[in-house]
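Analysis of the macromolecular model
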Amino acid sequence: MLTALAAVVVGGAVVAVHQLEDSEVLVREHCSATVGSDTFELTPTQAGNAALISGVAVSRGLPARAASIAIATAIQESRLENIDYGDDAGPDSRGLFQQRPSQGWGTEEQVMAPLYATGAFYDALVQVPGYEALPITEAAQTVQRSAYPEAYADHEPEGRAFASALTGNSPAALNCTLREPDGSGDVLAVSSALDEVFGPLGGVADGHRLTMQVTGTTGWAAAQWAVANASTHRITSVAYSGLEWVREDDGWTPTTSADGTLTVTVAAATP
């Protein structure tokens, strides 16, 4: 498509500028979780980390409430980003949960690994008696021992929404609006990442498409993990249980995908 010209007035002078082609229009990349009447947004990086946190809860057989607590905690501690610095309250704090090696959370390298950090958080959370019924402030504070415990409750609504979507309890509740992929994807890398979070899923790669048989909430959790990580892995479509997310479209739409079959397609190499 040809670029169009437009005229604008700058300081009284008429200046010709190029309008971007459709494929080049700037897109504000974001991921949203809609549960009930509430919608919350995260960046693709944040959503990918939230998907990992939720996926680990699913793989461990933990309830969605555990993921809600963990996501809300990570939003407060690190904005759901794997940061490599601390603050005045914990100068050696690191990672998604700002865990401190000096307090026994592991080495700096370990707490900077999102999978390890998330597992360590859940290891501590499940030791809290009745954590599922506790206010999020109390449950999170028992694990984190933060100087600002009341702040965790501020993030409970978005934590609950993203946990419900990403654990599969609210099917097709996650959507990501993304630019076109900046290169080709790698289905083997997608398969490996899914297995790392959920355990072996038996994905079969065929060209730029990955197919696996997975059911129940794990199926939807894996499907929505793929959407949340579409930016990182250059994923172009995800189909599961009669619905499909396509990168160029907006949201999930009906398709002919078979029940229990998850299909993830990545961008193909440009000829």
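Attention here is on the structure that accompanies the text. (Residues numbered from 1 in each chain as written. Predicted model: local features only at pLDDT ≥ 70, side-chain atom pairs only at ≥ 80, totals over all residues. Heavy atoms only, no water.)

**Quick look at the sheet that holds strand β5 (residues 174-177)**
- The sheet built from three strands is open, its strands ordered β4-β3-β5 with antiparallel pairing. One side of each edge strand has no neighbouring strand; the edge strands of this open sheet are β4 (38-42) and β5. Strand-to-strand, the axes of this sheet are offset by a mean angle of 25°, without reference to chain direction.
- Pairing between strand β3 (residues 30-35) and β4: five bridges, direction antiparallel. Residue pairing in the sheet places Ala 33 in a bridge with Phe 40 of β4.
- Its contacts with the sheet put helix α1 (residues 44-59) on β3 and β4, and the angle it makes with β4 is roughly 110°.
- Strand contacts of helix α6 (residues 156-166): β3, β4 and β5, with the helix running at about 90° to β3, the strand carrying the most contacts. (Pairing = 2+ DSSP bridges. Helix = DSSP H or I, 4+ residues; strand = E, 2+ residues; numbered from the N terminus. Axes fitted to C-alpha atoms, helices over the stretch in contact; angles between N-to-C directions. Contact = heavy atoms within 4.5 Å.)

**A few points about the state of the cysteines**
- Applying the stated criterion across every chain, the model contains one disulfide.
- In this model Cys 31 forms its disulfide with Cys 176; the gap between the sulfur atoms is 2.0 Å. Taking the sign of the S-S torsion, about 105° here, the bridge from Cys 31 to Cys 176 comes out right-handed. Taken together, the residues Cys 31 in strand β3 and Cys 176 in strand β5 connect sequence positions 145 residues apart. The pair Cys 31 / Cys 176 is uniform in exposure class, with both members buried. (Disulfide = S-S within 2.5 Å. Buried < 20%, exposed > 50% of the residue type's maximum accessible area, 1.4 Å probe, protein only.)

**Re the packing of helix α4 (residues 114-125) against helix α5 (residues 136-144)**
- Here α4 crosses α5 at 110°, and the two axes come no closer than 9 Å. Accordingly, the angle class assigned to the pair α4 and α5 is roughly perpendicular. Regarding α4 and α5, the two cross each other, and that crossing is right-handed. Across the interface between the two elements, Phe 121, Ala 124 and Leu 125 from α4 touch Ala 139, Val 143 and Gln 144 from α5.
- Class assignment for the residues of the contact of α4 with α5 results in five nonpolar, one polar and no charged. (Parallel < 35°, antiparallel > 145°, perpendicular 65-115°, else oblique. Left-handed = near helix turned anticlockwise from the far one by under 90°. Nonpolar A, V, L, I, M, F, W, Y, C, P; charged D, E, K, R; others polar.)

**Details of the sheet that holds strand β10 (residues 252-254)**
- Pairing within the open sheet is antiparallel, and its six strands lie in the order β6-β7-β11-β8-β9-β10. At either margin of the open sheet sits one strand with a lone partner, and together these are β6 (204-206) and β10. Across the sheet, the axes of successive neighbouring strands diverge by a mean angle of 20°, strand direction being ignored.
- Pairing between β6 and strand β7 (residues 209-213): three bridges, direction antiparallel. Looking at the pairing, Ala 205 lines up with Leu 210 of β7.
- The sheet contacts of helix α7 (residues 187-198) involve β6, β7, β8 (235-240) and β11 (261-266), and relative to β7 the element is tilted by about 30°.
- Most of the contacts of helix α8 (residues 216-228) go to β8, to which it runs at about 165°, and overall it touches β8, β9 (243-246), β10 and β11.

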